[in-house]
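# Overview (structure and organization)
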Amino acid sequence: MFYTPPPRDPKAPPLRINLLSDTQTKPTHEMREAMARAEVGDEQTGDDPTVNLLCARVAELLGKEAAVFMPSGTMCNVAATLVHCRRGDELLAHETAHIVSREGGAHAALGGFQITQLKGDDGQFTPETFRAALHPRSRYQPTQTLVSVEQTANIGGGTIWKKAALDEIVKIAKANGLVTHMDGARLLNATVATGIPAHQMTAGWDSAWIDFSKGLGAPIGGALAGTAAFIDEVWRWKQRLGGSMRQAGVVAAACVYALDHHVDRLADDHANARALARGLAQIDGIVVQEPETNLVFFKPDGAGVPGDKMVAELRKRGVSLAMMDGRIRACTHLDVTAAMVEEMIGHVREIVRAA
C-alpha cells in the first residue's frame, strides 16, 4: 500500500484525456489573471479582502450567517465534526461517504468519534433507514450527535439527494436532537442539474460547504458555512489543524472567479457525461450506470475486459480513469471536451474488439 503517491511510469505516454477526477482541472488563463490581480492581506487576522469577499459570497449562496475559507474539503468536514461533536459521540453517514472512506480516519483520530455506516442504494440512505438507526439516549451507548449527507453521492455514481429526502432527514434529526452536516463537495453540480438554488438545498442543515477544486476549476480550497457562532469555533480548529493562511486572497480570487464564471457551465460536464454513458452503453457487455451529474461509473467485465485491465489499456492510449468501488469511474470537467469523450469511446471499442 502506498502512503505516498507511486512514481510515475516513465514509459507511459503523455496524458491527453484526463477523466481521473474533476480535481485534475487546471486554472484557466482568465482565472490565473484574476489571481494575479487579487487584493491580499493577512487572512489569519481578517485582513485579506478577497478572502472576506469569498466568505461573504459563500454564506449568501448557502443561506448561512457566515463562512470560512479552508485549504481543502476534507478540512471542512473534519473541522465541522470537531465543532459539532465531543469525544465518544456517534456520527451517522452512508457507508460509502467521504468521511468514512476518504479522510484517513481523521474523525476517529482527531475527534474520537465513531461513525455508524448506513446502507442504501446509489450512495444514499433513506429517511426510514436513518430513523431505524437511532436509539434512545442512554449512558450505555454513545451519544448520537450528527448526521451527514454527501451531495452529490460520489461512490453512488454522482447521484443527487432529492430535496424531499434532505428535508425529511433534517426533520428526523431535529426531532431527535441531532445536528445536520452536508458535505457539499459537488453540491453545485446538484443545483445546476436540478435548478434548485443552493440555499434551498442546504435549508435546515446546520453546516454545509462547497468545493472549488473540483468542477469549479480552482487550484485549491473549500468554504464551510453555518451560524456565526459555529464558524467562530471552526476558526479555532482551522488554527489548530494548520489551515490558517496568510495572503490567501491569491487563491481565493480563483474561487471568486469560479463562482462568477464556472457554475452554469457545469451543465456542459453533465452533458458530456451523458454522451459518454450513451456511447459506452452501446458497446456489448459494458454495464453503465446512467449519470445524474458529471460522474460515469461502468463495468467492462461483460465485454471480456476486467476493469483494471481496461484502465491500464486506456492509460497506454493517453487516457486516465480510476477504479473505484469495483467499477471504473470517469469524471467529466472543464478540461474535458465533447471530442475527447468521443475519442475515449472509440478507444474502449478498440480495446473490447482486441480482447
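For the structure itself, consult the block above.
Everything numeric in this text was worked out from a predicted model, so none of it was measured. (Residues numbered from 1 in each chain as written. Predicted model: local features only at pLDDT ≥ 70, side-chain atom pairs only at ≥ 80, totals over all residues. Heavy atoms only, no water.)

Glancing now at the overall build of the chain. When its secondary structure is counted, the chain shows 14 helices and 13 strands. Whereas a compact globule of 355 residues would reach a radius of gyration of roughly 20 Å, the chain reaches 21 Å, a difference of no more than 12%. Judged by the C-alpha coordinates and their principal axes, the chain covers about 60 × 50 × 40 Å. Looking at the chain as a whole, 53% of its 355 residues are labelled buried. Restricting to contacts in the chain with at least 6 residues of sequence separation, those with at least 24 account for 74%. Of the roughly 15,600 Å² of accessible surface on the chain, a fraction of 52% belongs to carbon and sulfur atoms. For the chain, the distance from the average site of its 37 positive side-chain charges to the average site of its 41 negative ones is 4 Å. (Helix = DSSP H or I, 4+ residues; strand = E, 2+ residues; numbered from the N terminus. Rg over C-alpha atoms; globule rule 2.2 N^0.38 Å. Buried < 20%, exposed > 50% of the residue type's maximum accessible area, 1.4 Å probe, protein only. Contact = heavy atoms within 4.5 Å. Areas by Shrake-Rupley, 256 points an atom, 1.4 Å probe, with all protein chains shown as cover. Lys, Arg positive; Asp, Glu negative; His and termini not counted. Charge placed at Lys NZ, Arg CZ, Asp CG, Glu CD.)

This next bit is on helix H10 (residues 228-240). The end-to-end C-alpha distance of H10, which contains 13 residues, comes to 19 Å, matching closely the 18 Å that a straight helix rising 1.5 Å per residue would cover. Among the residues making up H10, those that are buried are Phe230, Ile231, Val234, Trp237 and Lys238. Down the axis, H10 shows its buried residues gathered within 110° of arc, on one side only. Those residues of H10 that are exposed and angled more than 90 degrees off the buried face are Ala229, Asp232 and Arg240. Residues of H10 that are buried in the fold lie against strand E2 (66-70), helix H3 (73-84), strand E7 (207-211) and strand E8 (222-226). (Expected span 1.5 Å × (residues − 1). Arc of directions from axis to C-beta.)

On to the pairing of strand E6 (residues 179-183). Consecutive residues of a regular strand have side chains that alternate between opposite faces of the sheet. Within E6, four of the five residues are buried, leaving the element largely enclosed by the surrounding structure. Bridge count for strand E5 (residues 144-150) against E6 is five bridges, and the pairing is parallel. Along E6, the bridge assignment pairs Glu150 with Asp183. With helix H7 (residues 163-175) bridging E5 and its parallel neighbour E6, the resulting β-α-β unit is right-handed. Where E6 meets E7, two bridges bridge the pair, whose relative direction is parallel. Residue pairing across strands places His181 opposite Ser207, the latter belonging to E7. (Pairing = 2+ DSSP bridges. Right-handed = clockwise from strand over helix to strand, strands pointing away.)

Next up on the list: the packing of helix H12 (residues 266-281) against helix H14 (residues 338-354). One way to put it is that H12 packs onto H14 with a least axis distance of 10 Å and a crossing angle of 20°. Of the possible angle classes, the one that applies to H12 and H14 is roughly parallel. Handedness of the H12/H14 crossing: right-handed. Facing Asn272, Ala275, Leu276, Gly279 and Leu280 of H12, the residues of H14 in contact are Ala338, Val341, Met344, Ile345, Val348 and Arg349. Residues of the contact of H12 with H14, tallied by class, amount to eight nonpolar, two polar and one charged. (Axes fitted to C-alpha atoms, helices over the stretch in contact; angles between N-to-C directions. Parallel < 35°, antiparallel > 145°, perpendicular 65-115°, else oblique. Left-handed = near helix turned anticlockwise from the far one by under 90°. Nonpolar A, V, L, I, M, F, W, Y, C, P; charged D, E, K, R; others polar.)

Here the focus is the layout of surface pockets. Space inside the largest pocket adds up to approximately 430 Å³. In terms of lining residues, the largest pocket is bounded by 26 residues, among which Ser21, Thr23, His98, Lys214 and Arg329 are the most central. Broken down by secondary-structure element, the contributors of at least two residues to the lining of the largest pocket are H3, E7 and strand E12 (322-324). Within the lining of the largest pocket, the residues separate by chemical class into seven nonpolar, eleven polar and eight charged. In this structure, the second largest pocket encloses a volume near 360 Å³. Lining the second largest pocket are 13 residues, with Arg8, Asp9, Ala12, Arg315 and Ser320 sitting closest to its centre. In terms of residue count, the dominant contributor to the lining of the second largest pocket is helix H13 (residues 307-316) (three residues). Classifying every residue of the lining of the second largest pocket by side-chain character gives five nonpolar, three polar and five charged. (1 Å grid on protein atoms, 1.4 Å probe; cavity = no way out; pocket = protein on both sides within 12 Å on 5 of 7 lines; lining within 4 Å. Points joined across faces, edges and corners; volume = space filled by probe spheres on them.)

On to helix H1 (residues 29-37). An α-helical segment advances 3.6 residues per turn. Residues three or four places apart therefore align on the same side. The set of residues buried in H1 consists of Met31, Ala34 and Met35. Down the axis of H1, the buried side of the element spans an arc of 100°, and every buried residue falls inside it. Across from the buried face of H1, at angles greater than 90 degrees, the exposed residues are His29, Ala36 and Arg37. Where the residues of H1 are buried, they touch helix H11 (249-261).

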